[in-house]
Structure formats: structure tokens, C-alpha cells
Amino acid sequence: MDTTQLKTGIASVIKNILYVSCIGVFAFMTPSCSKSSDKSHLSIQMTDAPANYDAVMIDIQSVEVTGNGGATVMLNTSAGVYNLLNFSNGLDTLIASGDLDAGTVSQIRLILGPNNAVIIDGVSYPLDTPSAQQSGLKLQVHKTFEPGVSYSMLLDFDANQSIVAKGNGGYSLKPVIRTTEVALTGSIKGSITPVGTIATVTATAGGISYSSVTNVYGQFLISGLPAGTYSITVTPDLPLLPVTVISKVVVIGSSTNLGIIVL
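This section reports on the structure supplied with the text. (Residues numbered from 1 in each chain as written. Predicted model: local features only at pLDDT ≥ 70, side-chain atom pairs only at ≥ 80, totals over all residues. Heavy atoms only, no water.)

This brings us to the overall build of the chain. When helices and strands are tallied, the chain shows four helices and 21 strands. Of all 263 residues assigned to the chain, the portion counted as buried reaches 42%. Long-range pairs, those at least 24 residues apart, make up 71% of the contacts in the chain with a sequence separation of at least 6. Carbon and sulfur atoms make up 56% of the accessible area of the chain, which amounts to about 13500 Å² in all. (Helix = DSSP H or I, 4+ residues; strand = E, 2+ residues; numbered from the N terminus. Buried < 20%, exposed > 50% of the residue type's maximum accessible area, 1.4 Å probe, protein only. Contact = heavy atoms within 4.5 Å. Areas by Shrake-Rupley, 256 points an atom, 1.4 Å probe, with all protein chains shown as cover.)

Structure below.
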């Protein structure tokens, strides 16, 4: 083997090593097939109907969501003692948020701490909440979440109905909560061929662009999109040329599927 052949062989090996390394890093940085196209984002807000008390203090420790196949996800929760009456007459507060697998959400569980109380005429009475402390307040929702879509779930306490006077002069908490789910965004998903090509996918509407990259399976998901009509450009690695798909409508609460885009 002459010097030129040797250099060419070494360069080829280095190129292959770098290519494999880049693919490995890309695969590590990019969610896998089962994750990139199957996640929704959920925020839990809390509000309250007005009530005839000085304060209703609820000790929220964590929020858990039950989804597909009974799988549970513990959301990122702002734990603390909340006065429900601070969030009445149209006010609300964020108590938890996080990503979960798209699909059917069957239940939200509020796990309460021991520091629950009602204040009446300046006197604080502890609220007896045995069932909540043991297994949490289970709220049946049965909603279907689309991939790449952000949702807000509003928990509307009815403090007047939730506080129950006991015969011994004490009070117990038997929460009456109405849940309302609102989709906040939409998304665009699809895939490219040939598989193995790395591409940037950009969706543009009204002069504002949102972008993502394909994963190792050629799939992509652009999440958190406002409603509108988008032009989507797929820009692959050279020597392949960009492909543009125009006039794709995104609807709040839905994931617009572009199917397979051939490069």
C-alpha cells in the first residue's frame, strides 16, 4: 500500500468513526421513537368558588396522573399550603405541570398533607381528611391527549360544599371538585425517508417559525403550536435538497400528521 492509499484509508476510517459518533450523540440528544411522538404536556391549575369562610387552607403535597395502561406520572408540583379563597372570582394558580404519554388520562390524584384547616370568625379549625392523606383525592377525568399538544386542567373547588361540620364542633374536608380540560396548543408530526437522514424541520406561520429535528427513525414532532396555517420546510443533510409543504392547518388540541415526506 502506497502513502496515498494509506492516507485515504485512515481518512475513511476517521470519517466513519466521526459519523457513527455523531449519530450516537444525536440519538442520545433526540428522544427515541417511542418518546418523541408520544408526549403531551399537562398543567394543573386550581381555582375556587367563593365561600363564607375567612380562609380554607389546603395542604397540597403532590399531583399524580394515571394514563395509558394504568401507568402513573408524578407531575412537578409546587407543594405548599394554599388558601382556596385567594383563587376565587376568576383567579387561579398553577400547582403542577409535566410531560406524560399521549393517550387517555383516566385519573388525577391530589396527595394532601396534614395541614388543612378552615378559619371561621378568626378561629382556625383543623380539617379531618383521612382518606385524602392515605390515598389522595382521586379525580376521574377520562380525557384523550394528543401528542405534542399542551393542555391545562382546571380544578375548581367548591369550598362551601367541601367543608362539612361534624357533630363534635369540628370540620372535615370532603372535596367537591369540578375538572375542566382545555387544550392550549396543537402540533405537527410526520416522518422522512430515507431513514437515517438527519434533517431540521421548520414550521412557519405569520412570520414566526418553530423547529425540531428528526430522530434516528426519521420521525419528527413540532409541539406547542398556536392555531394557524403553516408552511413546513424539511432541510436534510447535503447532498439532499430541502422539501417544503405548504398550507397545513394546525388546530388547537390536535396533531396534524404530514405522513411520510420523501427527500
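A complete count under the given rule lists four aromatic pairs for this structure. With a centroid separation of 6.4 Å and an interplanar angle of 55°, the aromatic rings of Tyr82 and Phe87 are classed as tilted. As far as burial versus exposure is concerned, Tyr82 and Phe87 are alike and both buried. (Phe/Tyr/Trp six-rings, centres within 6.5 Å; stacked < 30°, edge-to-face > 60°.)

This brings us to unusual backbone geometry. Note that the residue after Thr193, namely Pro194, is joined by a cis bond; omega there is 10°. Along the chain, Pro194 falls in the loop between strand E15 (186–193) and strand E16 (199–205). Along the chain, Leu238 connects to Pro239 via a cis peptide bond; the corresponding omega equals 10°. Phi is positive for Asn89, close to 55°, though the residue is something other than glycine. Under the relative-accessibility criterion, Asn89 is labelled exposed at 68%. Positive phi, close to 50°, is recorded for Asp121, a residue that is not glycine.

With that settled, consider the side chain of Ser152. On the secondary structure map, Ser152 appears in strand E11 (residues 150–158). Contact partners of Ser152, with chain neighbours within four places excluded, come to Ser43, Gln45, Thr180, Glu181, Val182 and Leu184.

Another point: the pairing of E16. A one-sided burial pattern is seen for E16, the buried positions being Ala199, Val201, Ala203 and Ala205 and the unburied ones Thr200, Thr202 and Thr204. The pairing of E16 with strand E19 (residues 228–236) spans six bridges and is classified as antiparallel. Looking across to E19, one finds that Thr202 is bridged to Thr233. Alignment of E16 against strand E17 (residues 208–213), held across six bridges, turns out to be antiparallel. (Pairing = 2+ DSSP bridges.)

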